[in-house]
Amino acid sequence: MRAFITLFFCLSISLAKAQKTTWYTKNWEVTDKTNGFFYIPAPKKVKNGYWIVKYYQNGNKYTEGFSTTKKTNNESYEGIVSYYNTDGKLSQKVSYKGGIIDGIKKTYFNTGEVQSLGKFKNGKENGVWKFFYKNGKIKTKGRYKNGEKVGVWKTFYKNVY
């Protein structure tokens, strides 16, 4: 009898955890699995926040990162958050501070090469930004200040060097 109660209790906990997955449409409206485009399992509690992983319907990751809150689409991310394409390939890594983009942002071509690299300060582009060709050579380079392009921006053509 004791084994049955223990098994029943464990199954109940497993079902309760499984039921904490929430499905969303492309516009992040709550829906059911049949109409879902994204889903989010219950976030994992870690230290003073949550490790949040969002998925596409096909099971590939959409985003993952640490947040001090677990409110969907109102997360307060801290540190590096990774974003992925529907095929599961890394599309960008973004640094956050207090839920605002702050620090390095790196985007990637679908084939894995760096596509762009730059910095944010308080949610706005700031400092030198570089955009690359797939072969790794610089395509465009320039500077931002408070989200605005400033100074001279240079464009390099593939066949020049």
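All residue numbers here refer to positions counted from 1 along the written sequence of the relevant chain. Thresholds applied to this predicted model are a pLDDT of at least 70 for local features of residues and 80 or more for the giving and counting of side-chain atom pairs; totals over whole chains, interfaces and linings are not thresholded and use all residues. The side-chain quantities take in all heavy atoms of the structure and omit both hydrogens and water.

Comments concerning the side chain of T25
Right, so step 1: By the element assignment, T25 lies in the loop between β1 (22-24) and β2 (30-31).
Right, so step 2: Summary of the burial criterion: residues with accessible area below 20% of their type's maximum are buried, those above 50% are exposed, and those between are partly exposed, where the area comes from a 1.4 Å probe applied to protein chains only. The class for T25 is buried, based on a relative accessible area of 17%.
Right, so step 3: Residue contacts are counted whenever heavy atoms from the two residues lie within 4.5 Å of one another. For T25, the contacting residues outside a window of four places in its chain are T31, N35, F37 and F38. Secondary structure elements follow DSSP: runs of H or I of four or more residues count as helices, runs of E of two or more count as strands, with numbering from the N terminus.

Some points on the pattern of salt bridges
Right, so step 1: Salt-bridge detection follows one rule: a side-chain nitrogen of Lys or Arg within 4 Å of a carboxyl oxygen of Asp or Glu. Using the criterion set out here, one finds two salt bridges in the structure.
Right, so step 2: Residue K54 pairs with E75 through a salt bridge whose shortest N-O separation is 2.9 Å. Linking K54 in strand β5 (residues 49-56) with E75 in the loop between β6 (61-67) and β7 (77-84), this pair joins segments that are 21 residues apart in sequence. The pair formed by K54 and E75 is uniform in burial state, with each residue classed as buried.
Right, so step 3: Here K61 ties to E64 by a salt bridge, and the two come within 3.1 Å at their closest N and O atoms.

Observations concerning the nonpolar core
Right, so step 1: By nonpolar core we mean a set of buried residues, namely Ala, Val, Leu, Ile, Met, Phe, Trp, Tyr and Cys, connected to one another through side-chain atoms within 4.5 Å. Formed by Y50, I52, Y77, V81, Y83, V94 and Y96, the largest nonpolar core amounts to seven residues.
Right, so step 2: Taken together, the elements giving at least two residues each to this core come down to β5, β7 and β8 (90-97).
Right, so step 3: No other element matches β7, which puts three residues into this core.
Right, so step 4: Look past the residues within four positions of Y83 in its chain and what remains in contact with it is Y62, T63, K89, L90, S91, Q92, V94 and Y96.
Right, so step 5: Formed by five residues, the second largest nonpolar core is a distinct cluster that contains W28, F38, I40 and Y56.

With respect to the environment of V46
Right, so step 1: Within the secondary structure layout, V46 lies in strand β4 (residues 44-46).
Right, so step 2: Given a relative accessible area of 32%, V46 falls into the partly exposed group.
Right, so step 3: Spatially, the C-alpha atom of V46 lies 9.5 Å from that of S67, the residues being 21 residues apart in sequence.
Right, so step 4: With residues up to four places along the chain from it excluded, the contact list for V46 reads W51 and F66.

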